[in-house]
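A look at the structure
Next come the chains, spelled out residue by residue.
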Amino acid sequence: MRVLADRIRGVERRVRYLGLGLVVLAAGFLLTGRWQLALGVAVGALLGWVLTDPVRITWAVFVIAFAVPVTIDVGYPTNPSYALLLVLFLLAAWGRVLRAERDGWPPKALAAALLLPACAVLAGLVHWHGVKPIAVGVAPLLCFGVLAWHLAEEARHDRRTVRRIAEALTWFSVAVAVFAKYQTASRSWPIFDQFAYDWTYTSAFDATRAVGLSGHPIIYGTFAMAMVLVALTLRGRFWYVPVTANLVGLVLSGTRSAWVGTVLALGLWLFFQWRKVSWRGLGAAAAVAAVTFTLVAVNPPALRPDTTTAAPTPSPAAPAASSAAPAPESPAATPSPAAPSPAAPAPPAASSLPPEPGAPVPAAPTASAVDSVDVAGSRISDPASADARFTRMSVVWDGITSDWSTVVFGNGPEANVRFLENVGIGDGQAQVFDNTYLTFWYNFGLIGLACLLALLVLLYRRLRSLPARLLLVGFAAQIFFFDVWLWLGAVAVLLLAVALGAADNPSLSARALPVPRRRQPGAQAAAGPRQPAAGAAAGSGSAPAARPGSAGTSGPS
């Protein structure tokens, strides 16, 4: 408390007065029943505090991306995905402004950040549909490019902060995994059932799958996959706890794309670590697997659904959201095979497609809890989702190969949204393409797809960090099965890989700034000529001598 009091006294008087005024203003809004305005004041004050320090900005980027769901609309002025993307873009851009004097704006980083947005602009100019589709299609790519640039630059200069953030996220994920277990055991999604802006983001959609804090099982599966890989490679204290917890969450999410990404990443990890394999390590892996299976299979009676109360009836489906609304997975393997997707409104009545039904009323829960092991097994054996994806691949491929210009330049930004709104895929499933690579090709052409693949390969080659490479492999494999760009929690996995890779790559490590030394007048003359240190004399003759006045450089740790 004394330290906290000293810090408060050390703050400038005008800042204290400003903080007191904001507290009074928020309290006034609460007393008058305007909680939205009070929340706005609190969030604005918090963002103002964050914007004063680039390190706080780095923390805030990952907290917002991983912990704030885009499936809940608290009154944003636009779609939640775009609203939060704008906040992250402003944070990253302001962080670069604060560091501009120290770092400058390197041309290679700028080129990498602007490469994919430039492909989108080119596709929009070749197939012109107005300025709005270009702006909407370019905005997410530009935001993520600036975010990656900011995080890489911060990681180069402050390796420890990025690793602390990653380790903190792994322990945060343990609490999320406990919440996920509660969701599947109770067959409800607290908070999301009450505040989700579309019924597909509630437990009425599929109560047997956990969603964590994301509102969608695929995005939670992505988060659990990332935390397994980070905890396994960073190996902090009691690392096996977050590894086990997130393996449980990964199974409970029922996300097969995340399972594939995890298996491929773990295969790469074994390839790099095969010389270190030991009986002790195999025993630890078997123990983790056994505990994971037990935690998945056990359903505490206290968490089983209450059959004495009626099941909650979801509110009617909200009006079709804008093209920014994310819809990452076709719900072919869920209990509601004709579930509407908020990514695109239902096709017009004049089309040959049948109208999609409204939000269904979930059946009353039974006294027995869901067998999560059987649910996971059914996810593996059910071919319906695979059939739906093959159908989508065929449709997307026909659109890509309609003529040479669509092959090379694509159909233009937001072309997939225009197709799904006006034509649609007539299989009664969610109106999404469910493949980031094909969607990118469909919109931005072979040029855009080649740039996307080149960026992923370049990141893998340059970021010679085991955590970063495993995250890149898992991410690259998973986005083959869903459209990723408007799910912040999924793209944040790529951003985390960039940050960890930049922190661990010696070739990207930035030199520490020289620290001026205060010298007393005549002190050096009185001390006589400086003698070389014993350690320097014993060192390699090829090592460059340190320049006088420098405080040394930050080499690889």
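For the structure, check the block above.
Below is a summary of the structure that appears in this document. (Residues numbered from 1 in each chain as written. Predicted model: local features only at pLDDT ≥ 70, side-chain atom pairs only at ≥ 80, totals over all residues. Heavy atoms only, no water.)

**Regarding the overall build of the protein**
Put simply, the rule reads: Going along the chain from the N terminus, every DSSP run of H or I of four or more residues is numbered as a helix, and every run of E of two or more is numbered as a strand. The cut-offs for exposure are 20% and 50% of the maximum accessible area for each residue type, with area from a 1.4 Å probe on protein chains only; residues under the lower value are buried, those over the upper are exposed, and the others partly exposed. Should any heavy atoms of two residues lie within 4.5 Å, those residues are counted as being in contact. All accessible areas in this document rest on Shrake-Rupley with a 1.4 Å probe, and a residue is counted as covered only by the protein chains that are shown.
Per the secondary structure count, the protein includes 23 helices and zero strands. When each of the 557 residues of the protein is scored for burial, the buried share is 46%. When contacts within the protein are restricted to residue pairs at least 6 apart in sequence, those whose partners lie at least 24 apart make up 79%. Accessible area of the protein: about 28000 Å², with a carbon and sulfur share of 67%.

**Some points on the packing of helix α5 (residues 80-98) against helix α8 (residues 131-157)**
The line we're drawing: Here an axis means a line fitted to C-alpha atoms, over the contact stretch when the element is a helix, while the angle between two N-to-C directions is reported on a 0 to 180 degree scale. Angular relationships are summarised with four words: roughly parallel below 35 degrees, roughly antiparallel beyond 145, roughly perpendicular across 65 to 115, and oblique for the angles in between. By definition, turning the near helix anticlockwise from the far helix through less than a right angle yields a left-handed crossing, and turning it clockwise yields a right-handed one. In this count, Pro and Cys sit with the nonpolar residues alongside Ala, Val, Leu, Ile, Met, Phe, Trp and Tyr, while Asp, Glu, Lys and Arg are called charged and the others, Gly among them, polar.
One can describe the packing of α5 onto α8 by two numbers: an axis separation of 9 Å at closest approach and a directional angle of 40°. Accordingly, the angle class assigned to the pair α5 and α8 is oblique. As for the relative orientation of α5 and α8, their crossing is left-handed in sense. Contacts between α5 and α8 involve Y82, L85, L88, F89, A92, A93, G95 and R96 from the first element and V136, A139, P140, L142, C143, F144, V146, L147, W149, H150, E153 and E154 from the second. Here the residues of the contact of α5 with α8 sort into 15 nonpolar, two polar and three charged.

**Digging into empty space enclosed by the protein**
Our working definition: A pocket here means an open set of points on a 1 Å grid, computed over the protein atoms alone, that has protein on both sides within 12 Å along at least five of seven lines. A cavity is instead a set of points where a 1.4 Å probe fits but cannot get out; residues with an atom within 4 Å of a point line either one. Grid points are joined across faces, edges and corners, and a volume is the space filled by probe spheres set on the points.
For the structure shown, the criterion picks out five cavities of 30 Å³ or more. When its volume is computed, the second largest cavity comes out at roughly 150 Å³. Along the wall of the second largest cavity there are 14 residues; nearest its centre are F66, L213, S214, I219 and G489. Breaking the lining of the second largest cavity down by element, the ones donating at least two residues are α4 (54-67), α11 (217-234) and α21 (488-504). No other element matches the three residues that α11 contributes to the lining of the second largest cavity.

**Digging into the packing of α11 against helix α20 (residues 466-478)**
In the contact formed by α11 and α20, the axes pass within 9 Å of each other and the chain directions differ by 160°. The pairing of α11 with α20 is recorded here as roughly antiparallel in orientation. For α11 against α20, the interelement crossing comes out right-handed. Between α11 and α20, the contacting residues are I218, T222, M225, A226, L229, V230, T233 and L234 on the first element and L466, P467, L470, L471, G474, F475 and Q478 on the second. When its residues are assigned to classes, the contact of α11 with α20 shows 11 nonpolar, four polar and no charged.

**Brief notes about α8**
Short version of the rule: A helix is expected to span 1.5 Å for every residue after the first. The quantity called bend is, for any residue, the angle between two axes fitted respectively to the seven residues ending at it and the seven beginning at it.
Taking 1.5 Å per residue as the helical rise, α8 with its 27 residues ought to reach 39 Å, and the 39 Å between its terminal C-alpha atoms agrees with that figure. Most pronounced at V138, the bend in α8 amounts to some 30°, and the proline P140 follows within four residues. The element α8 is largely enclosed, with a buried count of 20 among its 27 residues.

**Things to note about helix α16 (residues 384-400)**
Spanning 17 residues, α16 covers 25 Å between terminal C-alpha atoms, matching the ideal 24 Å at 1.5 Å per step. At its buried positions, α16 is contacted by α13 (256-273), α17 (404-409) and α19 (436-462).

**Some words on the state of the cysteines**
Cut-off, in case you're wondering: Disulfides are defined in this document as cysteine sulfur pairs within 2.5 Å.
For the structure on display, the rule yields zero disulfides. Not engaged in a disulfide, the cysteine C119 finds its nearest cysteine sulfur in C451; these two sulfurs lie 3.4 Å apart. With a relative accessible area of 16%, C451 lands in the buried category.

**Details of the nonpolar core**
Note the following rule: In these notes, a set of buried Ala, Val, Leu, Ile, Met, Phe, Trp, Tyr and Cys residues joined through side-chain atoms within 4.5 Å is what counts as a nonpolar core.
Among the nonpolar cores identified, the biggest contains 111 residues, and F62, L116, Y220, L471, V484, W485 and L496 are the most heavily contacted of them. Considering each element in turn, this core owes the most residues, 14 residues, to α21. Apart from the residues lying within four places of it in its own chain, the contact partners of V484 are T436, F475, I479, A490 and V491.

**Looking at the pattern of salt bridges**
Pairing of side chains with opposite charge becomes possible as their charged atoms draw close. What counts, and what does not: Each salt bridge in this description consists of a side-chain nitrogen of Lys or Arg and a carboxyl oxygen of Asp or Glu lying within 4 Å of one another.
Overall, the coordinates contain two salt bridges when judged by the stated rule. E154 serves as the salt-bridge partner of R96, at 2.7 Å between the closest nitrogen and oxygen. Residue R96 is found in helix α5, and its partner E154 is found in helix α8; the two are separated by 58 residues along the sequence. Accessibility expressed as a relative area gives 4% for E154, which makes it buried. Notably, a salt bridge pairs R156 with E153, separated by 2.8 Å at the nearest N-O pair.

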